[in-house]
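Structural characterization, general
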Amino acid sequence: MALLEIVKYPAPVLLTVGKPVEKFDEDLKTLVKDMFETMYEAKGVGLAAPQVNLSQRLFIMDCSGGEDETQKLALINPEIIAREGSQEGDEGCLSFPGIYQPIERNMRAVVRYQDVLGRWQELDGTELTARCVLHETDHCDGIVFLDRMTILKREMAKRKIKRLQKTGKWE
Ligand code: NI
């Protein structure tokens, strides 16, 4: 297993629509394992392929932070097939270290995806699970959480990023 480098905004790969995953082989399993190691090391609950510089439609998540094996999921070629309600809550992103802002998301989301063996599955989640699924599926579409902020919060976040870039704390 290997730790992967997490790319930070505004890396172009984060702003690019990912390509569908077509090969469900050993390389894919290795990538998923490496992504889990990288996510746990960074103390995140979700990590998408574009964040490790791969323009592909796949992400991993574990909203239990490693406590519950059943919540450890790899979602490949995800498609949101239903969503409802709304929730507001602070959100962060491993590609935006130190930036936390309230983001409105659906309270519930149903995602259709393939597992590492290529089998189609569905996940119906609420609250943090829905938030995570929507945030990570956005990454597969080249959308970052900055794009989901209100204009005011987005400007605040951009100013903070500029400050961090100037002091060398963002690269
Ligand atoms: Ni993110």
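Just above, that's the structure.
Here the structure is a predicted model, which means the values were calculated and not measured. (Residues numbered from 1 in each chain as written. Predicted model: local features only at pLDDT ≥ 70, side-chain atom pairs only at ≥ 80, totals over all residues. Heavy atoms only, no water.)

Points about the overall build of the protein
When you go through the protein residue by residue, the secondary structure sums to three helices and seven strands. The order of α-helices and β-strands along the protein, N terminus first, is α-β-β-β-β-β-β-β-α-α. Taking 2.2 N^0.38 as the reference for a compact globule, 171 residues should give roughly 16 Å; the C-alpha atoms of the protein span a radius of gyration of 15 Å, in line with that estimate. Burial statistics for the protein: of 171 residues in total, 46% are counted as buried. If you sum the accessible surface of the protein, you get close to 9200 Å²; carbon and sulfur atoms cover 50% of it. (Helix = DSSP H or I, 4+ residues; strand = E, 2+ residues; numbered from the N terminus. Rg over C-alpha atoms; globule rule 2.2 N^0.38 Å. Buried < 20%, exposed > 50% of the residue type's maximum accessible area, 1.4 Å probe, protein only. Areas by Shrake-Rupley, 256 points an atom, 1.4 Å probe, with all protein chains shown as cover.)

Focus on the pairing of strand 2 (residues 58-61)
Two faces belong to every sheet, and in a regular strand the side chains alternate between them. Residues L58 and I60 point to one face of strand 2 and F59 and M61 to the other, with burial holding for every one of them. Sheet analysis places strand 1 (residues 46-48) next to strand 2, joined by three bridges and oriented antiparallel. By the bridge assignment, A48 is partnered in strand 2 with F59. Here strand 2 runs beside strand 3 (residues 73-84); their pairing, made up of four bridges, is antiparallel. Looking at the pairing, L58 lines up with I76 of strand 3. (Pairing = 2+ DSSP bridges.)

Observations concerning the coordination of the nickel ion
For the nickel ion, the full set of protein donor atoms is C93 (SG), H135 (NE2) and H139 (NE2), and the range of their distances to it is 2.1 to 2.2 Å. Positions of the donor residues of the nickel ion, expressed as sequence spacing, correspond to C-x41-H-x3-H. A residue pair is termed long-range when its members are at least 10 positions apart, and C93 in the loop between strand 4 (87-91) and strand 5 (101-105) and H139 in helix 2 (residues 127-140) qualify at 46 residues. The buried category is assigned to H139, whose relative accessible area is 0%. (Donors = N, O, S within 2.8 Å, 3.2 Å for Na, K, Ca; no water.)

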